[in-house]
Structures are given as C-alpha cells and as structure tokens.
Amino acid sequence: LLYYLRIWCLDRVVEMSLETKEGIDGIYYLLDKLADGFEKNPGMILSLISYMISLPRPPAPFPLKKVERQLLYPNFETIDQVELLS
C-alpha cells in the first residue's frame, strides 16, 4: 500500500512539474486524481485510506530507487532530480 502511494505521489509530482498547479487549483487537481485512482482501483484506495487512519502516526516515507524511477519514466530525463516530499 505504501509503495502504491509513493508511485502515485511520483506520478503527481511529474505531472505538476510539466504543468504547474497552485493554490486551490492544485488541491482540486490532486483530489481529481485521487478520484480517478478510486475509479481504477477502488479496493486499493479504500485499503490505503483504512491503513493510514488506523496508524498511531504517519509512516516514514521511503525513497524510490533510481532504477524504479527510470523504469516508470524512461523518457523523463530529470526523473532522478524530482523530489518527493513526505
């Protein structure tokens, strides 16, 4: 579940680096993408939400390796420099 979340976050960061969204537009954009994810994988999103709210504290983020990033985005030359914040 946490790996799915990290991939989802990487996808959003890449999209937002190509087309900047700020303020309320950025929030609406992220919520629209979450709704899209729910339509594609409803069980995954529900399980992720259930897992996250049952934890006493947020899980520590883990980095995606360079190879994983390059496999996901082979044509994005600066994928190694994209920063995923927790």
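Before any of the text, the structure's been laid out above.
Thresholds, definitions, all that
- Residues numbered from 1 in each chain as written.
- Predicted model: local features only at pLDDT ≥ 70, side-chain atom pairs only at ≥ 80, totals over all residues.
- Heavy atoms only, no water.
- Core = buried A, V, L, I, M, F, W, Y, C linked by side-chain atoms within 4.5 Å.
- Buried < 20%, exposed > 50% of the residue type's maximum accessible area, 1.4 Å probe, protein only.
- Contact = heavy atoms within 4.5 Å.
- Salt bridge = Lys/Arg side-chain N within 4 Å of Asp/Glu carboxyl O.
- Helix = DSSP H or I, 4+ residues; strand = E, 2+ residues; numbered from the N terminus.
- Axes fitted to C-alpha atoms, helices over the stretch in contact; angles between N-to-C directions.
- Parallel < 35°, antiparallel > 145°, perpendicular 65-115°, else oblique.
- Left-handed = near helix turned anticlockwise from the far one by under 90°.
- Nonpolar A, V, L, I, M, F, W, Y, C, P; charged D, E, K, R; others polar.

A. Highlighting the nonpolar core. In terms of nonpolar packing, the biggest core is built from nine residues, these being Ile7, Leu10, Val14, Leu64, Tyr73, Phe76, Ile79, Val82 and Leu84. Leaving out residues up to four positions away in the same chain, Tyr73 has contacts with Leu10, Asp11, Val14 and Ile79.

B. Representation of the pattern of salt bridges in the model. Applying the stated criterion to the full structure yields four salt bridges. A salt bridge links Lys33 to Glu15, with the shortest nitrogen-to-oxygen separation between them at 4.0 Å. Note that Lys33 is positioned in helix α2 (residues 23-40) and Glu15 in helix α1 (residues 2-18), a separation of 18 residues in sequence. Exposure remark for Lys33: the relative accessible area of 23% places this residue in the partly exposed category. The partly exposed category is assigned to Glu15, whose relative accessible area is 25%. For Asp80, the salt bridge is made with Lys66, and the minimal N-O distance between the two is 3.8 Å.

C. Just the packing of α1 against α2, in detail. For the pair α1 and α2, the least separation of the axes is 12 Å and the interaxial angle reads 135°. Of the possible angle classes, the one that applies to α1 and α2 is oblique. For the pair α1 and α2, the sense of crossing is right-handed. Of the residues in α2, those touching α1 at Tyr4, Trp8, Arg12, Glu15 and Met16 are Gly26, Tyr29, Leu30, Lys33, Leu34 and Gly37. Its residues assigned to classes, the contact of α1 with α2 shows six nonpolar, two polar and three charged.

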